[in-house]
Amino acid sequence: MNLNITVLPGDGIGPEVTEQALLVLQAVAEAFGHRVQSQHKVIGGAALTAVHDPLPADTVQACLKSSAVLLGAVGSPAFDHNPGHLRPEAGLLKIRRELGAYANLRPAVFFPALEDCSPLRAEIVRGTDIMIVRELLGGAYFGQPRSIEGDAGARVAVNTMRYAEHEVERIARVAFDLAMKRKRKVLSVDKANVLECSRLWRDVVTRIGKDYPEVKLGHQYVDSAAMLLVRRPAEFDVVLTENMFGDILSDQAGGVVGSLGLLASASIGGPVGLYEPVHGSAPDIAGKGIANPLGAILSAAMMLRHSFQLEQEAACVEKAVSAVLTEGARTADLAGKAHAAISTVEMGRRVVETVSRVASTQKSA
Ligand code: NAD
Ligand code: IPM
Ligand code: MN
């Protein structure tokens, strides 16, 4: 199979982690007889620097013509005072919209080898395997009107949280379909005690849930869900939630399982899937060669699964990641006192090497 992808490295550690993810993708492709054809395009701060546009038309065209997109991260303090449409983040929001990527799947899985990395006690975090299903094209991120107006000292800012029934319905179906292949539990997270958007959300999710009688549906307010996520993370299965709540809870889930740098995501639902680690451009460690590339690498695995239906290949990458962690490979975010930290490149190399080994045992099994 030809894996025709566009790579959007972006800013900060984005290029560092996507480089390793691409090497792993090439390794698994080679092991299973596929070919990766990739082209690189600019987004975010890199695109602002190059052409004063956080998402040039050329980047959009390239993404739409490819079968999947691998993204690093966007964002840089250099642009933090730009007007909204000239911020790196605007490029990311726009590419999600251009690709129709309304469903953001963010798994948070605890690796047994990382018991010393979670701030939680091992008996609490053990067994954690959560799939956060975050609505990605609605809510306050895209609602109109939005503005900031007035004179200094008397300014007023407005954002609009907005959801239409069909937007809730389609993301709810994604969550229930996933739950059917997992532990058949959906926890819908909202703020229905305060927000109209959440009341509509709860109503629609409850209605769609009737089509899935085997799935146990629960509802939780987001404040309470945040508390439960640290108290009893292992009890969660699928978490279904709106755009901003999903953004917040997924970083929290990263902390729970040991590092945000581990978390991968798939942004799907449109014609071309977008695969992006959950973390940002990490300006505090960018350029040092110490970022954890596993979130990006596991995002490439999600690409194999969701855009190319290559389940064996996806599983091969996931097994390789688990294996290198078991062997003690740790980037700085995971190293703690017991391990020496390895670089981004070395972590990538270890996964590449292990992918080939796992592939040959998988194929002979
Ligand atoms: P961040 O996720 O970039 O970093 C938060 C903390 O986690 C930092 O201490 C960072 O060093 C650490 N971290 C993140 N990824 C890591 C990795 N792979 N390995 C090791 N440590 C890692 O969040 P932030 O600092 O709040 O935001 C920085 C910039 O990134 C901002 O401009 C923000 O808008 C942007 N951002 C982009 C995305 C994206 O492109 N998808 C996501 C989140 C934030
Ligand atoms: C994420 C990021 C983005 C979001 C920002 C950078 C626009 O935080 O992917 O989680 O809020 O969706
Ligand atoms: Mn985020």
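Data block above holds the structure.
Reading guide: rules and limits
Every residue gets a number counted from 1 within its own chain, in the order that chain's sequence is written. Each chain gets a letter, beginning with A, and each ligand a number, beginning with 1, in the order they are written. For this predicted model, a pLDDT threshold of at least 70 governs which residues receive local features, and a threshold of 80 or more governs which side-chain atom pairs are given and counted, while totals over whole chains, interfaces and linings are taken from all residues. The basis for every side-chain value is the complete set of non-hydrogen atoms in the structure, without hydrogens or water. Site definitions follow a grid-based scheme: protein atoms alone, a 1 Å grid, a 1.4 Å probe that fits but cannot get out for cavities, and for pockets an open set with protein on both sides within 12 Å along at least five of seven lines, plus lining residues having an atom within 4 Å of a point. Grid points are joined across faces, edges and corners, and a volume is the space filled by probe spheres set on the points. Where helices and strands are cited, they refer to DSSP runs of H or I of at least four residues and of E of at least two residues respectively, numbered from the N terminus. Each residue gets one of three labels, nonpolar for Ala, Val, Leu, Ile, Met, Phe, Trp, Tyr, Cys and Pro, charged for Asp, Glu, Lys and Arg, and polar for the others, Gly among them. Under the convention used throughout, the expected extent of a helix is 1.5 Å for every residue step, that is, one less than its residue count. Categorising residues by exposure relies on relative accessible area from a 1.4 Å probe, with only protein chains included: less than 20% of the type maximum marks a residue as buried, more than 50% marks it as exposed, and the intermediate range marks it as partly exposed. Note on pairing: two strands pair once DSSP finds at least 2 bridges between them. The angle between two axes is taken between their N-to-C directions and runs from 0 to 180 degrees, where each axis is a line fitted to C-alpha atoms and a helix contributes only its stretch in contact. Contact criterion: two residues are considered in contact whenever any of their non-hydrogen atoms come within 4.5 Å of each other. Put simply, a residue is near a molecule or strand once any heavy atom of it comes within 4 Å of that molecule or strand. The term polar contact refers here to a pair of N or O atoms within 3.5 Å; inside protein, the definition further demands a hydrogen-donor-capable atom paired with an acceptor-capable atom, and it admits residues adjacent in sequence only when both atoms are side-chain atoms. Note on areas: Shrake-Rupley, 1.4 Å probe, and residue coverage restricted to the protein chains presented here.

Examining empty space enclosed by the protein
For the coordinates displayed, the defined rule picks out two cavities of 30 Å³ or more. Lining of the largest cavity is provided by Ile130, Ile132, Val189, Ala225, Leu229, Phe236, Val239 and Leu249. Those elements that place two or more of their residues in the lining of the largest cavity are strand 5 (129–135) and helix 8 (222–231). Looking at the lining of the largest cavity residue by residue, the classes come out as eight nonpolar, no polar and no charged. Empty space within the second largest cavity amounts to approximately 40 Å³. Lining the second largest cavity, in full, are Tyr163, Val189, Asp190, Cys197, Ser198, Trp201, Glu242 and Phe245. The set of elements that each furnish at least two residues to the lining of the second largest cavity consists of strand 8 (185–190) and helix 7 (196–209). It is helix 7 that contributes the most residues to the lining of the second largest cavity, three residues altogether.

Points about helix 10 (residues 294–306)
With 13 residues, helix 10 should reach 18 Å at 1.5 Å per residue; the first-to-last C-alpha distance of 18 Å fits that figure. Three or more residues of helix 10 are buried, namely Leu294, Gly295, Ala296, Ile297, Leu298, Ser299, Ala300, Ala301, Met302, Met303 and Leu304.

Here's the deal with the sheet that holds strand 2 (residues 35–40)
Taken together, the ten strands give an open sheet; going across it, the order is 2-1-3-12-11-4-5-10-8-9, and neighbouring strands pair in mixed fashion. For this open sheet the edge positions go to strand 2 and strand 9 (216–221), each flanked by a neighbour on one side alone. Strand-to-strand twist in this sheet, taken as the mean axis angle between neighbours without regard to direction, amounts to 25 degrees. In terms of strand pairing, strand 5 meets strand 10 (residues 238–241) through four bridges, oriented parallel. By the bridge assignment for strand 10, Arg134 is matched with Thr241. Across the sheet, helix 1 (residues 14–31) lies against strand 1 (2–10), strand 2 and strand 3 (68–73), angled at about 165 degrees from strand 1, the strand it touches most. Seen against the sheet, helix 4 (residues 88–98) touches strand 1, strand 3, strand 4 (103–109), strand 5 and strand 12 (273–275) and runs at an angle of roughly 145 degrees to strand 12.

Concerning the site of ligand 2
Around ligand 2 sit Glu89, Leu92, Leu93, Arg96, Arg106, Arg134, Tyr141, Asp247 and Val278, and those are all the residues in its vicinity. Here Arg96 contributes a side-chain N or O atom positioned 2.7 Å from an oxygen atom of ligand 2. Residue Tyr141 places a side-chain N or O atom 2.5 Å away from an oxygen atom belonging to ligand 2. Here the shell around ligand 2 takes four residues from helix 4, the largest share from any one element. Among the residues forming the shell around ligand 2, the class breakdown is four nonpolar, no polar and five charged.

As for the site of ligand 1
Around ligand 1, the surrounding shell holds 21 residues, and the nearest of these are Val74, Glu89, Gly280, Ala282 and Asp284. Take Ala282: an N or O atom from its main chain is 2.8 Å from an oxygen atom of ligand 1. The separation between a nitrogen atom of ligand 1 and a polar main-chain atom of Asn292 is 2.9 Å. Considered on its own, ligand 1 offers 800 Å² of accessible surface; in the complex 70% of this is hidden by protein. Each residue belonging to the shell around ligand 1 can be placed in one class, and the counts come to ten nonpolar, seven polar and four charged.

Description of unusual backbone geometry
A cis amide bond, omega 0 degrees, links Gln144 with the succeeding residue Pro145. Within the secondary structure, Pro145 sits in the loop between strand 5 and strand 6 (147–149). One non-glycine residue with positive phi stands out, namely His52, at about 60 degrees. Checked against the element boundaries, His52 lands in the loop between helix 2 (44–51) and helix 3 (57–65). With a relative accessible area of 63%, His52 lands in the exposed category. A positive phi angle is found at Arg184, which is not glycine, with a value near 60 degrees. Note that Arg184 resides in the loop between helix 6 (165–180) and strand 8.

Topic: the environment of Tyr221
Mapped onto the fold, Tyr221 is located in strand 9. When the C-alpha atoms of Tyr221 and Ala192 are compared, they prove to be 7.0 Å apart, with 29 residues separating the residues in sequence. Look past the residues within four positions of Tyr221 in its chain and what remains in contact with it is Val189, Asp190, Lys191, Ala192, Asn193 and Arg202.

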